Amino acid sequence: MVRAVCFDLMDTVLYDPYREALAAAIQSAAPAAPAAPAAPPEIARHRDPTCWPAFEIGEIDEAEFARRFFREGAEGFSFDLDAFNQVRRAGYRFLPGVREIVASLEGRALRFVASNYPVWVEEVREAFALDVLFEGVYSSHHLGVRKPAREFFDRLMARIGVDAGECLFVDDRAENCEAAAAVGMRAHVFDGAAGLRARLVGEGLLGG
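Residues numbered from 1 in each chain as written. Predicted model: local features only at pLDDT ≥ 70, side-chain atom pairs only at ≥ 80, totals over all residues. Heavy atoms only, no water.

**Structural notes on the packing of aromatic side chains**
If you walk through the whole model with that rule in mind, you get 21 aromatic pairs. Summarising the aromatic geometry, the rings of tryptophan 52 and phenylalanine 55 are spaced 5.9 Å apart at their centres and angled 70° between planes, so their arrangement reads as edge-to-face. Within this pair, tryptophan 52 and its partner phenylalanine 55 are both found in helix 3 (residues 51-56), separated by three residues, close to a single helical turn. Here the two residues tryptophan 52 and phenylalanine 55 agree in accessibility, since each one is buried. Here a set of aromatic residues connected by ring pairs shows up, and it is made of Tyr18, Trp52, Phe55, Phe65, Phe69, Phe70, Phe79, Phe84, Tyr117 and Trp120. The lysine or arginine in question, arginine 93, covers the ring of tyrosine 15, its NZ or CZ lying 4.1 Å from the ring centre. (Phe/Tyr/Trp six-rings, centres within 6.5 Å; stacked < 30°, edge-to-face > 60°. Helix = DSSP H or I, 4+ residues; strand = E, 2+ residues; numbered from the N terminus. Buried < 20%, exposed > 50% of the residue type's maximum accessible area, 1.4 Å probe, protein only. Lys NZ or Arg CZ within 6 Å of the ring centre and 35° of its normal.)

Below, the structure is given as structure tokens:
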């Protein structure tokens, strides 16, 4: 029996505007040439791969994330945090049909957010009234560890007070679902509202 459904947040419940925000924030400029948006491969070569994970678990703050986005010595790049946040804040929205599905679970199962996301989760929580829609909101920012680490799920289970075998975990990333299954949770790889609804019907949480 499923007593709780744990939802990833970005690209599962809400659209993640990170890519658009990044495009707005990053500029590359060659000497004597006007600044121009950096191409994705160019960004990947020069970015610091440690800063986003550190930001997601609260090891560094937003300003440090922007400062460390590019590796030391990466010349000719800049990160406009104000532009990033403007596009990010404007870009969030519920994915089609998902809010209605989550709302329909009220009284049928406990509903939790279980997300990799930095301190921005608090903005989203308020803007989309997540505390009304869910019984709890937990992200890597709160738990101090990121999916797919087992410790993420151990800490999540301790917070929500439900056994892993009584939880359905929903995430758009297969590796996170595999990690959830490894600790005994049921798991569903999110590919849209129709597939999610069908899974919840199959679990006996919604009517057919």
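**Some details on the sheet that holds strand 8 (residues 186-189)**
In space, the five strands of this open sheet follow the order 6-5-1-7-8, with parallel pairing throughout. Of all strands in the sheet, those bounded by a partner on one side alone are strand 6 (136-139) and strand 8. Ignoring which end each strand starts from, the neighbouring axes of this sheet average 20° apart. Strands in contact with helix 12 (residues 193-202) are strand 1 (4-7), strand 7 (167-171) and strand 8; relative to strand 8, the strand with the most contacts, it is inclined by about 155°. (Pairing = 2+ DSSP bridges. Axes fitted to C-alpha atoms, helices over the stretch in contact; angles between N-to-C directions. Contact = heavy atoms within 4.5 Å.)

**Examining the confidence of the model for the protein**
In this model, the protein carries a mean pLDDT of 91, and residues with pLDDT of at least 70 account for 89%. Overall, residues 28-36 carries pLDDT values under 50, and its contacts beyond four positions in sequence, including any with other chains, amount to twelve contacts. (pLDDT = per-residue confidence, 0-100.)

**So, the packing of helix 1 (residues 18-25) against helix 5 (residues 81-91)**
Interhelical geometry of helix 1 versus helix 5 gives an angle of 150° and a closest axis separation of 8 Å. Classified by the angle their axes make, helix 1 and helix 5 are roughly antiparallel. Helix 5 is crossed by helix 1, and the crossing has right-handed handedness. Contacts between helix 1 and helix 5 involve Tyr18, Glu20, Ala21, Leu22, Ala24 and Ala25 on the former and, on the latter, Ala83, Phe84, Val87 and Arg88. Each residue belonging to the contact of helix 1 with helix 5 can be placed in one class, and the counts come to eight nonpolar, no polar and two charged. (Parallel < 35°, antiparallel > 145°, perpendicular 65-115°, else oblique. Left-handed = near helix turned anticlockwise from the far one by under 90°. Nonpolar A, V, L, I, M, F, W, Y, C, P; charged D, E, K, R; others polar.)

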